[in-house]
Amino acid sequence: MAAGREWDPFNYGLMTPKTPTCILFNEKQEFIKFGYDAVMKYKSLPSSEAQKWYFFHNFKMNLYNRVCRAKVTSDMNLEASNGKKLPALKVFSESLRYMMEHALSNIESASFQKVCGCSDVTWVLTVPAIWNAAAKQFMRLAAKEAGLISDMLSEKLIIALEPEAASLWCKQLPREGFMVDCSDSEKFEDTPGIQYVVVDCGGGTIDITVHEIQENHHLKELHKASGGGWGGNTVDEHLIAFLKEIFGDDIWDEYVKSYPGELQEMMYNFNLQKYSTSREETYVRCYYNLTRLAECKKDLHHFFEKVDGAMWDNGTIIITYEKMKSFFAYSTEKIIDALKEILHKPDMSSVQYILLVGGFASSIILRDEIREAFSEKYHILCPLEAQIAIAKGAVLFGVNPQIIASRISARTYGIAVAQTFDPEIHDLWRLRISKSERYVYCDGIFEKLVGMEQSVNINEVACYTFYPLEPDQTEACFNFFCTEKENALYVDEEGMELLGSCTVPMPDTKLGKKRQLKLEIKFGLAEFKATGTDVTSKQSQTVMIDFLSM
């Protein structure tokens with residue numbers, strides 16, 4: 001989650017380009033530490049104290065899990081490692097506040113102590129492309145709470161989609177910037193018309209999109225973002241399930257409950273190995289308290305007598321390559337199936353490359369599986385700095401957001417309008433009568449603005465004209481909706497989601513129903529900005545609506 005300098009986990013002298021998404025609060029719910037510092041502090045707490053504190057790890061994935069259940073709200077809670085809960089907004093905003101202060105401190109140090117305030121900076125916040133509107137809006141709210149921006153409409157915050165950011169970084173890399181299998185000496189951006197798939201392999205989610213290089217080095221999206229919760233954390237989950245199977249529910253549950261800090265260190269040490277394992281055994285150190293709890297039951301060797309794929313050796317669990325590979329199977333199979341579904345489409349016939357980016361792409365096992373499935377037809381590439389390709393690409397995006405030429409809409413977007421009632425089209429119970437001129441109309445009609453899988457040019461402004469229903473109407477409300485249906489008639493149909501609204505004052509009623517309402521929608525970045533204006537009074541209201549939700 002946080003990048004920008006080298007981080008030293010556990011003071012081992014082994015530097016990593018990213019620090020984990022971990023945050024620690026004390027029993028008074030006060031922020032204490034973030035990243036590796038949070039892990040170390042939590043590990044050092046006595047078990048009695050650890051039960052009172054709040055340690056959150058991989059909490060970004062919670063938003064995706066909420067997305068799947070369509071329950072992202074500003075007042076939702078997150079569960080800490082010990083089961084205690086805090087407001088999700090507090091957890092995310094304190095994390096962003098830490099990173100903001102960390103970034104400003106680094107800027108000050110690098111610029112000869114020049115003081116830089118948060119308002120002097122344009123912040124780029126990267127999110128998975130498969131997050132929905134509510135999740136992305138939640139992140140904007142968290143950024144506001146953290147002090148990055150002063151209001152929700154601020155243009156000082158840019159929401160960047162992670163596979164796009166990675167694509168921007170990779171397209172300008174020379175051949176030497178990739179690990180292997182780079183047969184062309186030219187940079188991608190120097191070859192207009194080249195098409196490639198970007199697979200962003202994160203800890204929580206996998207994001208997949210398809211891009212084409214344009215003549216001006218800009219990117220055109222060819223396929224809407226897809227993916228799922230199949231990231232690197234699933235490998236950890238399979239290891240934990242395996243250890244629980246070895247030691248039994250009672251021992252493992254007691255260990256997790258009583259020694260969460262020790263468990264965190266075990267998992268981070270495992271993570272260092274899971275990326276480098278290549279057809280060789282993996283060594284998982286069995287820490288003191290797990291060993292002690294197990295020995296209370298029986299000799300440790302006996303736990304492994306009937307275990308397939310692992311053995312015990314003097315305080316270490318040795319896991320075979322085949323067993324380790326099985327921990328990856330769920331993720332790799334999902335990724336391969338998703339890629340096949342995309343690449344088998346007729347309009348994907350010109351794709352030549354598959355780019356693997358993100359921290360999980362550093363895994364040799366993952367890359368080998370993708371290469372085995374696709375290398376006969378496609379070049380499989382992975383940048384040398386796979387872990388921070390997104391962070392570096394986000395900087396490029398912040399400097400020039402217009403570099404994304406167009407995107408594919410993941411849903412159908414529209415607004416609620418009223419139309420003259422037509423008994424052959426509209427449900428009779430929806431009939432309404434104007435109070436002033438006996439005008440018979442149907443309200444709640446869905447008027448499409450953008451269709452699903454439609455290509456939308458970034459920074460394009462679309463203009464629409466509307467009129468009030470009543471001559472004495474003093475305000476007009478624009479309600480924006482989205483759906484996965486290609487065509488919908490009403491805004492209350494199943495699957496329709498209200499994204500946002502804006503109310504435009506119309507104080508001057510002299511022109512009655514002849515007054516014009518202008519609605520301007522500017523498509524750009526990861527959202528669209530809708531501005532409704534009463535032409536007579538010149539009063540207007542603006543709302544930011546997420547445009548790229550799944």
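Residues numbered from 1 in each chain as written. Predicted model: local features only at pLDDT ≥ 70, side-chain atom pairs only at ≥ 80, totals over all residues. Heavy atoms only, no water.

- Per an unreviewed UniProt entry, the chain goes by Heat shock 70 kDa protein 12A-like and derives from Nothoprocta perdicaria.
- Recorded in UniProt under Sequence similarities (unreviewed entry), the annotation for the chain is "Belongs to the heat shock protein 70 family." (UniProt positions renumbered as here; feature names shortened; annotations may be inferred.)

### Some points on the overall build of the chain
Working step 1: Looking only at helices and strands, the chain has 14 helices and 28 strands in total.
Working step 2: Out of the 550 residues in the chain, the part that is buried amounts to 51%.
Working step 3: In the chain, 69% of the contacts between residues at least 6 apart in sequence involve partners at least 24 apart.
Working step 4: As displayed, the chain has an accessible area near 24,800 Å², and 48% of this comes from carbon and sulfur atoms. (Helix = DSSP H or I, 4+ residues; strand = E, 2+ residues; numbered from the N terminus. Buried < 20%, exposed > 50% of the residue type's maximum accessible area, 1.4 Å probe, protein only. Contact = heavy atoms within 4.5 Å. Areas by Shrake-Rupley, 256 points an atom, 1.4 Å probe, with all protein chains shown as cover.)

### Remarks on the nonpolar core
Working step 1: Residues Val197, Val199, Phe247, Ile317, Ile354 and Phe374 are the most contacted members of the largest nonpolar core, which totals 58 residues.
Working step 2: Counting residues per element, this core draws most heavily on helix α12 (residues 321–343), at 10 residues.
Working step 3: With residues near it in sequence (within four places) discarded, Phe374 still touches Ile336, Leu339, Lys340, Leu343, Ile354 and Ile380.
Working step 4: If you look at the next biggest cluster of nonpolar residues, it comprises 42 residues, including Phe56, Val127, Ile130 and Ala146. (Core = buried A, V, L, I, M, F, W, Y, C linked by side-chain atoms within 4.5 Å.)

### Here's the deal with a nonpolar patch on the surface
Working step 1: On the surface, a nonpolar cluster with roughly 340 Å² of combined accessible area is contributed by Leu428, Leu431, Ile433 and Val440.
Working step 2: Its location among the elements puts Leu431 in strand β20 (residues 431–433). (Patch = residues over 30% accessible without salt bridge, like charges linked within 9 Å, V, L, I, M, F, W, Y side chains within 5 Å. Salt bridge = Lys/Arg side-chain N within 4 Å of Asp/Glu carboxyl O.)

### Here's the deal with the pairing of strand β11 (residues 206–213)
Working step 1: By the criterion of burial, β11 is predominantly enclosed, with 8 of the 8 residues buried.
Working step 2: Side chains Ile206, Ile208, Val210 and Glu212 of β11 all project onto a buried face; the interleaved residues Asp207, Thr209, His211 and Ile213 project onto the opposite face, where all are buried too.
Working step 3: Note that strand β10 (residues 195–201) and β11 share 7 bridges and pair antiparallel. By the bridge assignment for β11, Tyr196 is matched with His211.
Working step 4: Here β10 folds back onto β11 in antiparallel fashion, the turn holding 4 residues.
Working step 5: With 7 bridges connecting them, β11 and strand β12 (residues 219–228) associate as antiparallel partners. Bridging from a neighbouring strand, Glu212 pairs with Lys220 of β12.
Working step 6: In sequence, β11 turns back onto β12 through a hairpin of 5 residues, with His217 there showing a positive phi of about 75°. (Pairing = 2+ DSSP bridges.)

### Here's the deal with the pairing of strand β4 (residues 31–34)
Successive side chains on a regular strand alternate, one facing one side of the sheet and the next facing the other.
Working step 1: Judged from the 3 bridges that link them, strand β3 (residues 22–25) and β4 form a sheet pairing that is antiparallel. Residue Phe25 lies in a different strand from β4, and its bridge partner there is Phe31.
Working step 2: The antiparallel pairing of β3 with β4 creates a hairpin that spans 5 residues between the two strands, and Gln29 there sits at a positive phi of about 65°.

### As for the sheet that holds strand β25 (residues 497–505)
Working step 1: With respect to topology, 5 strands assemble into an open sheet ordered β20-β21-β19-β24-β25, the strand pairing being antiparallel. Because the sheet does not close on itself, it has two edges, and the strands there are β20 and β25. Each strand of the sheet is rotated relative to its neighbour by a mean of 40°, with strand direction disregarded.
Working step 2: Where β20 and strand β21 (residues 440–450) come together, 3 bridges link them in antiparallel fashion. (Axes fitted to C-alpha atoms, helices over the stretch in contact; angles between N-to-C directions.)

### Brief notes about the packing of aromatic side chains
Working step 1: Here the structure, examined in full by the defined rule, presents 20 aromatic pairs.
Working step 2: Considering the side-chain rings of Phe59 and Phe92, the 5.1 Å spacing of their centres and the 90° angle between planes classify their relative orientation as edge-to-face. Taken as a pair, Phe59 in the loop between β5 (54–57) and α3 (60–68) and Phe92 in helix α4 (residues 88–110) lie far apart in primary sequence, 33 residues in all. You'll find Phe59 and Phe92 in the same group, each marked buried.
Working step 3: For the ring pair Phe188 and Tyr353, a centre distance of 4.8 Å and an interplane angle of 50° mean the geometry is tilted. Of the two residues, Phe188 sits in the loop between α6 (162–171) and β10 while Tyr353 sits in strand β16 (residues 351–357), which places them 165 residues apart along the sequence. With respect to class, Phe188 is no different from Tyr353; both count as buried.
Working step 4: Taken together through their ring pairs, the aromatic side chains of Phe25, Phe31, Phe34, Phe56 and Tyr98 make up a single cluster.
Working step 5: It is Arg430 that lies over the ring of Tyr490; its NZ or CZ is 3.5 Å from the centre. (Phe/Tyr/Trp six-rings, centres within 6.5 Å; stacked < 30°, edge-to-face > 60°. Lys NZ or Arg CZ within 6 Å of the ring centre and 35° of its normal.)

### Concerning α12
Working step 1: Residue Phe328 marks the point of greatest curvature in α12, where the axis turns by about 50°.
Working step 2: Considered for burial, the residues of α12 that qualify are Tyr321, Met324, Phe327, Phe328, Ser331, Thr332, Ile335, Ile336, Ala338, Leu339, Ile342 and Leu343. (Bend = angle between axes of the 7 residues up to and from the residue.)

### What to know about the packing of α12 against helix α13 (residues 364–374)
Working step 1: Running from N to C, α12 and α13 cross one another at 45°; their axes reach a closest spacing of 9 Å. If you check the angle between α12 and α13, you find them oblique. Crossing of α12 over α13 shows right-handed handedness. Facing α12, whose interface residues are Tyr321, Met324, Lys325, Phe328, Thr332, Ile335, Ile336, Leu339, Lys340 and Leu343, α13 presents Ile365, Leu366, Glu369, Ile370, Ala373 and Phe374.
Working step 2: Each residue belonging to the contact of α12 with α13 can be placed in one class, and the counts come to 12 nonpolar, 1 polar and 3 charged. (Parallel < 35°, antiparallel > 145°, perpendicular 65-115°, else oblique. Left-handed = near helix turned anticlockwise from the far one by under 90°. Nonpolar A, V, L, I, M, F, W, Y, C, P; charged D, E, K, R; others polar.)

### Considerations on the environment of Cys382
Working step 1: Here Cys382 shows up in the loop between β17 (379–381) and α14 (389–399).
Working step 2: In this structure, the C-alpha to C-alpha distance between Cys382 and Ala165, residues 217 residues apart in sequence, is 15 Å.
Working step 3: Those residues in contact with Cys382 that sit more than four places away from it in its chain are Phe178, Met179, Leu356, Ala361 and Arg367.

### So, the pattern of salt bridges
Working step 1: Throughout the structure, instances matching the rule amount to 19 salt bridges.
Working step 2: Between Lys171 and Glu189 there is a salt bridge whose closest N-O contact spans 2.8 Å. Taken together, the residues span a long stretch of sequence, with Lys171 in helix α6 and Glu189 in the loop between α6 and β10 at a distance of 18 residues.
Working step 3: Given the relative accessible area of 14%, Glu189 is considered buried.
Working step 4: Asp492 is the partner of Arg430 in a salt bridge, and the nearest nitrogen-oxygen pair spans 3.0 Å. Of this pair, Arg430 sits in the loop between β19 (412–420) and β20 while Asp492 sits in the loop between β24 (475–483) and β25, and the two are 62 residues apart along the sequence.
Working step 5: By relative accessible area, which is 9% here, Arg430 ends up buried.
Working step 6: Through salt bridges with shared partners, a single ionic network connects Arg411, Glu484 and Glu497.

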